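This is what each chain is made of:
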Amino acid sequence: MVNLFWTVMTRLLIRTEAGPEIGMGHFMRCFALAEEARARGVAVVFLINEISDTVRTRCESIGASAEIVTGFDMLPVEAGDRVVIDSYKATAAYISGITAPVAVIDDLENLDRYDCAVIVNPALAARAETYTGKTSARLLLGPQYALIRQEFRSVVTPEAEPFVAITLGGSDPAGLTGPAARHIHEVLTDMSLRVIAGPANRHIDELRASGLPRMELFVAPPSVAEVLAGARLVVVGAGGSLNEVAAMGLPGLAVVAYDNQQAELEACPFPVVDARAGLQEDFGERVRNLATSPERLDANARHAHAMIDGLGTKRVVDALFSAGGARNDPLSPRAGRGLG
């Protein structure tokens, strides 16, 4: 629903980062918030370290603007603005200095204080106790606040031959996509393979030269959701893509590649492979055992979708725009975990 007051009075400023090293995850989940804000008539400005073709195209598609910002100086806020911060480089002092209601998207839980209106931590293992004594912000914790783009909430499942999909994030710095594809191609001899390489992936030439006859490579496809739709199983990185797969109601096998994803090993709604030291020799067998078990696949998909319904973006935007005009105005008498 478009609120005409917001349309006239409010901008959403999003300070985030993207690139080959950090990947596209921060930008993409912020883009989900931007989509929701634009649908409500709110102007959106991305303040970002670099403007790649992907960033530019995405912003143009929803009528948002983007500006390059390399440091963490004061943001150019105006009366009525709301701010989203999604950066590992943002300090407590930087957040505290912003004179507008702020939502901090928090993965690391490492600041000594969070002087903001809203904290968004959609991690499956997020706990309110982590923030005790550090903030008076409303805490939006857990997978019901996962930031899911519109494409994953509206895709139509086509009729398709059985296939397994691999999507390991926008950049895959660990280079696991190629090895995963080879393992799966070797053991699932009667099934095709769809491999998605994100726009910042440095291994695209290697993937193109892999010579796997049943593999189809999609490089930065316009719609990831359309590529995934109808998959028998999705091998997915343990980041934002995992939430997207769950929101689509697809079964998944999560790949943990980095230490900051370690919590997913215990809390993930999908089976998990720990690949921080590389893919294990039995990876292909694990994929085959799961992909050839309809009962396990169905239970897998239903369990994950029950946890991550795809409506988190709406809940977060509702919370941020219910904030008062100053940084730490009380949001409601129920300020605390979730929106109830």
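Every value quoted in this text rests on a predicted model; they were computed, and no experiment measured them.

Student: Quick question: what am I supposed to make of the overall build of the protein chain here?
Tutor: Across its full length, the protein chain carries 13 helices and 13 strands. The C-alpha atoms of the protein chain give a radius of gyration of 20 Å, which matches the 20 Å a tight globule of 340 residues would have. With the principal axes as the frame, the protein chain shows a C-alpha extent of 60 × 40 × 35 Å. Per-residue burial over the protein chain gives 53% buried out of 340 residues. Counted over contacts in the protein chain with a minimum sequence separation of 6, partners at least 24 positions apart contribute 60%. For the protein chain, the exposed area adds up to about 14800 Å²; of that, 51% sits on carbon and sulfur atoms. Positive and negative side-chain charges in the protein chain, numbering 31 and 41 respectively, have mean positions lying 4 Å apart.

Student: Looking at this model, I keep getting lost on the state of the cysteines. Mind explaining?
Tutor: Covalent bonding between the sulfur atoms of two cysteines defines a disulfide. Under the counting rule described, the total for this entry stands at zero disulfides. Its sulfur unpaired, Cys 30 is 11 Å from the next cysteine sulfur, which belongs to Cys 59. By relative accessible area, Cys 30 is classed as buried at 0%.

Conventions adopted
- Sequence order sets the numbering: in each chain, residues are counted from 1 along the sequence as written.
- With pLDDT at 70 or above as the cut-off, local features in this predicted model cover only qualifying residues; side-chain atom pairs require 80 or more to be listed or tallied, and sums for whole chains, interfaces and linings still use all residues.
- The basis for the side-chain values is all heavy atoms of the structure; hydrogens and waters are excluded.
- Every helix listed is a DSSP run of H or I at least four residues long, and every strand listed is a run of E at least two residues long, numbered separately from the N terminus.
- Just to be clear, the radius of gyration here is over C-alpha atoms, and the globule rule we use is 2.2 Å times residues to the power 0.38.
- Partly exposed describes any residue whose relative accessible area lies between the buried limit of under 20% and the exposed limit of over 50%, with all areas from a 1.4 Å probe on protein chains only and scaled to the type maximum.
- Whether two residues touch is decided by their heavy atoms; if any such pair falls within 4.5 Å, the residues are in contact.
- For the accessible areas, the method is Shrake-Rupley and the probe is 1.4 Å, while residue cover comes only from the protein chains on display.
- Neither His nor the chain ends is counted toward charge; the positive residues are Lys and Arg and the negative residues Asp and Glu.
- Think of each charge as sitting on NZ of Lys, CZ of Arg, CG of Asp or CD of Glu.
- Any two cysteine sulfur atoms lying within 2.5 Å of each other are counted as a disulfide.

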